[in-house]
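Inside the fold
Residues per chain are reported as follows:
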Amino acid sequence: MGVLRRVSNLWRRERVDAEIEEELRSHLEMAAEDAERAGMPREQARRKARLRFGNPAAMRERTAWADTAPALDDIWRDLRHTIRQLRRSPAFTATAVITLALGIGATTAIFTLIQQVMLRSLPVVQPDQLWRIGDAASCCFSAGYTQGGNSRNDWSLFSWQAYKFFRAHTAAFEELAAFQIGQGNAELAVRRAGSPAPVKTEIGEYVSGNFFKTFGISAWRGRLLTNPDNREGAAPVAVMSFHTWEAEYGSDPAVIGATYQINGHAFTVIGIAPPGFYGAKLASGGMPDFWLPLTTEPVIAGKTTRLKNPAIAWLDLIGRVRPGTNRKTLQAQLQVELHQWLASHLADMNSQEKAVWQKQTLHLTPGGAGVSLLRQKYQDGLRLLLVAAVCVLLVACANIANLLLARGLKNRHQTALRAALGASRARLVRKALVESLILSVFGAVAGIAVAYAGAGLILHLAFTGPKTWAPVDPAPSTPVLLFALGVAVITGVIFGIAPAWMSSQTKPIEALYGASRAMQRNSHWAQKTLVIVQAAVSVVLLSAAAMLGQSLGNLEHQNFGFDPGGRYLISIDPKISGYQQEQLVPLFRELETRMRAIPGVLSMGAVLEAPPKGWMTHDIRIEGRPEPGPREDLSSGWTRVTPGFFKTLGDRIVMGRPITEADNAATRPVAVINQAFAKRFFGKQNPIGQHFGPAPEKNAGMYEIVGVASNVEFGNGPEEPVYFMSEAQSTHFDQANLEGREIWSHYLYNIVIWAPGNPPDLVAQVKKTLGKAAPNLVVSSVQPYPAVIYAGFAQQSMIASLTWLFGAIGLVLAAVGLYGVTAYGVEQRTSEIGVRMALGADRDSVLLLVLRGAFWQVGIGLALGIPAAIGAGYLIASRLFGVQPWDPLVLSGAALLLALAALIAAIIPARRAASVGPMQALRTE
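Thresholds, definitions, all that
Residues numbered from 1 in each chain as written. Predicted model: local features only at pLDDT ≥ 70, side-chain atom pairs only at ≥ 80, totals over all residues. Heavy atoms only, no water. Salt bridge = Lys/Arg side-chain N within 4 Å of Asp/Glu carboxyl O. Helix = DSSP H or I, 4+ residues; strand = E, 2+ residues; numbered from the N terminus. Buried < 20%, exposed > 50% of the residue type's maximum accessible area, 1.4 Å probe, protein only. Core = buried A, V, L, I, M, F, W, Y, C linked by side-chain atoms within 4.5 Å. Contact = heavy atoms within 4.5 Å. Axes fitted to C-alpha atoms, helices over the stretch in contact; angles between N-to-C directions. Parallel < 35°, antiparallel > 145°, perpendicular 65-115°, else oblique. Left-handed = near helix turned anticlockwise from the far one by under 90°. Nonpolar A, V, L, I, M, F, W, Y, C, P; charged D, E, K, R; others polar. Patch = residues over 30% accessible without salt bridge, like charges linked within 9 Å, V, L, I, M, F, W, Y side chains within 5 Å. Areas by Shrake-Rupley, 256 points an atom, 1.4 Å probe, with all protein chains shown as cover. 1 Å grid on protein atoms, 1.4 Å probe; cavity = no way out; pocket = protein on both sides within 12 Å on 5 of 7 lines; lining within 4 Å. Points joined across faces, edges and corners; volume = space filled by probe spheres on them. Phe/Tyr/Trp six-rings, centres within 6.5 Å; stacked < 30°, edge-to-face > 60°. Lys NZ or Arg CZ within 6 Å of the ring centre and 35° of its normal.

Our focus in this paragraph is the pattern of salt bridges. Enumeration over the complete set of coordinates arrives at 12 salt bridges. Between R589 and E661 there is a salt bridge, with the nearest N and O atoms lying 3.6 Å from each other. You can see R589 sitting in helix 17 (residues 581-596) and its partner E661 sitting in the loop between strand 22 (653-656) and strand 23 (670-674), a full 72 residues away along the chain. Its relative accessible area of 43% is what places E661 among the partly exposed residues. With a closest N to O distance of 3.4 Å, K698 and D734 form a salt bridge. In this pair, K698 sits in the loop between strand 24 (691-694) and strand 25 (703-709) while D734 sits in the loop between strand 26 (722-726) and helix 20 (736-744), placing the two residues 36 residues apart along the sequence. Residue classification places K698 among the exposed residues on the basis of a relative accessible area of 57%. Taking relative accessible area as the criterion, D734 reaches 70% and is therefore assigned exposed.

Laid out in structure tokens, this is it:
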């Protein structure tokens, strides 16, 4: 299209030049002929004519400018005249600009976040040369030699051994970097060596030594990690992020080269990353404060290390390819290398993995945007909000078109006079379009401010709480400014077309004689049509907002299997606090004794991850049953608890007994299962006394089932199987991954306390008690349980809140549009109303006449909007919980809300019409 446009412009310029050339030639010939008739020789006459007209090229330029200058002058005159008119009508101008600012601002705010979250590349050198091995963004690690699930078999995560294999065998990569996946970054307890200051809880990310080199990043201060830093036995070092250095350490230059205790181990901070660089992944929380070499992971993790376990995939890989590399060829090579590496671990695979390892696939994807959990989490919600914002913009455009139509009709006599004095139809259309474009540009400027505030509001709603900083800037960037300008121009043309067309239809004679009824009727129909569109779009917005709001309410008040009222959740981290495994059971007993001494606290229980945060899963084996087939699902969730957990949470024991103090290191390992576990694996059989364990088969007799608890929502649905183990019992495994998981699972991260009635100052008393009982224990938060549950639905709350906001804006704009059309209609029918009242019509009949006309438009809007709202409900059905897309209550509520707004908007002009006296009305004709 661009080539065709340039060809068209070139052809048009050549045609104009040819016309000018022809005109100059004719003038030269006529001048020469005049000289010849006066008796001058032909050659001398032609020479004299050429001298008279001067240089032909300069003459052509002067002629072209003479043709262009009036047009530019006319446009400049239209601009100045329009600005003067807008200054003389401040109410009209303010209404138009505010309306457009809301529409353009809402759309631009959402686009700002889409550009930041979904379209932005990493702030690195030549991001187009970066390619990622894998195509899925994962929050957590993968255990075993198969990945993907759901019949996809896609491989996206890598162990340290797999990374080294790919790096050594893939020559197409100039550099191949590895970094810790998702939000599974390490929590660090950081304090400067020798400082008495409290420990700071920071986020660390393990990366390969060539991580910064792969992305072409230079240090802001000091130096960055290199390959020698990532060798085993190298002195532990760390790189601090610029955001952390500035926000938490006051940009102190003494940080570089200083030694810090990180989880009790000495690390030297060797440098600061540059501003704007946040790593290779974008998430809503857990952004790295420190980057640590991968080989220091065993130093921090201890016995739970993953580095040397080839079955634990916990790394993402991104590489910079050499120039001229073919993507398909490289992907095929990587696929072969994957199978070669898997084949070298065939002896370590279980039967299910051996059956499917050759079906594992690998995809090479663009890595310039990094790995974005934020994009994966918010992309559907942002698309939904963009559609809602576009609907608001559509309603705003209809409002402006109505305003301009009414303004054009009010000034129709002036327009007719211009036409009578020789103004062309193109000139009249241009003037109307110039006015609409100027308004849209003013609206865009105001919309940028609205967009900035709106994007900030969305960030506040999306990223709340500690360590939820994300590198998303609400300030409008160059692409956002261009987007706002583009939206302004497009909307200016769109809502200016109807007024411009109406201006072009002006008939000077009819208008000058006051006979423009046909034009008024046509304009009134155009205005009513726009109101109908506004009403229909408003119904869609309101119903979508109502459905999302009801869905959020259903999520927050669903049956979690326990009552959160009167319960509190404490988030701790014994591991980074320096506690050893043998200290944990005494720690939790001491905490329980202290907590129960607080007035109003009835019980306490600790758990690895409290509901509804979620739990870890793995495959299990039932004692006495054969090895399952490759497609048989024997996965289950699991967690570890202290004896008081079930009573404290309110999780009923429906069969057998709970975990008690008697289940300690001296007794056989036991487990309590939930009802979903019993149903899936035992059916109608009594599970009490049965044995099971984590895969493989040799662990099938590990745990004895002693009780069945009611189902509790642990994040994956209340019908998912879960089993509970005792904090005081430990088992030992031959498999390194199971042994590491066993050790890690004893570091319980959550404490639940039950204090019915919510005693006053309980949170303060709990914090004080924790400080006395365990001064070194890192405590992240103490919150009422309902607040924890509400925070889990932050994204749904954000989308529902903003959709309600957009629905409210659309409703107000639709009401304003209906008011304008009704008021204009009353003004045009003043004489008719006077005749009716002179013939005996009372005030009530006039009131009903006006209201009937207004509600007739709203009725058509509802007839169109309700089916559209149902269709929209089906489009967002995946985001709804317990709500049907065709919910009659939701649709009725949206319709009633629109009808109420319409009544308020129409009653004012209706009462004004009913108060006009007959003689006063007849005199207006």
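Now, onward.
With 91 residues, the main nonpolar core has F211, F212, F215 and Y785 as its most contacted residues. Among the elements that line this core, the one with the most residues is helix 11 (residues 373-410), at 12 residues. Those residues in contact with Y785 that sit more than four places away from it in its chain are F562, P564, R567, Y568, L569, A610, P611, P612, L649 and V752.

In this section: the packing of helix 17 against helix 21 (residues 762-773). Two elements in contact, helix 17 and helix 21, have axes whose closest approach is 10 Å; the angle formed by their N-to-C orientations is 140°. Relative to helix 21, helix 17 is oriented oblique. Relative to helix 21, helix 17 is oriented so that their crossing is right-handed. Of helix 21, the residues touching helix 17 (which contributes L591, R594 and M595) are V766, T769, L770, K772 and A773. Class assignment of the residues belonging to the contact of helix 17 with helix 21 gives a composition of five nonpolar, one polar and two charged.

So, on to the environment of R852. Take R852: it is sitting in helix 25 (residues 843-875). For R852 and A910, which are 58 residues apart along the polypeptide, the C-alpha to C-alpha distance reads 9.9 Å.

Here we take up a nonpolar patch on the surface. Together, W804, L897, L900, L903 and I904 make up an exposed nonpolar region whose accessible area comes to about 440 Å². If you tally residues by element for the nonpolar patch, the top one is helix 26 (residues 888-914), at four residues. The residue I904 is located in helix 26 in this model.

A probe matching the size of a water molecule, rolled over the atoms, marks out where space remains unfilled. For the coordinates displayed, the defined rule picks out eight cavities of 30 Å³ or more. Roughly 130 Å³ of volume is contained in the second largest cavity. Around the second largest cavity, the lining comprises 13 residues; the ones closest to its centre are V585, R589, T642, P643 and E661. Of all the elements, helix 17 adds the most residues to the lining of the second largest cavity, at four residues.

What follows covers the side chain of T639. Here T639 is to be found in strand 21 (residues 635-641). On the accessibility criterion, T639 (2% relative accessible area) is buried. If we ignore the near neighbours within four places in the chain, the residues touching T639 are V607, L608, E609, Y723, F724 and M725.

This part takes up the packing of aromatic side chains. Tallied over the entire structure, the rule returns 30 aromatic pairs. A ring pair is formed by F158 and F166, whose centres lie 5.5 Å apart and whose planes are at 85°; its orientation type is edge-to-face. F166 carries the same exposure label as F158, and that label is buried. Both rings, one in F211 and one in F212, keep their centres 5.1 Å apart while their planes meet at 85°; by these two values the pair is edge-to-face. An identical accessibility class is assigned to F211 and F212; each is buried. Grouping aromatic residues by their ring pairs yields a cluster made of F179, F211, F212, F215, F277 and W291. The positively charged end of K200 is found above the aromatic ring belonging to Y249, 4.1 Å away from the centroid.

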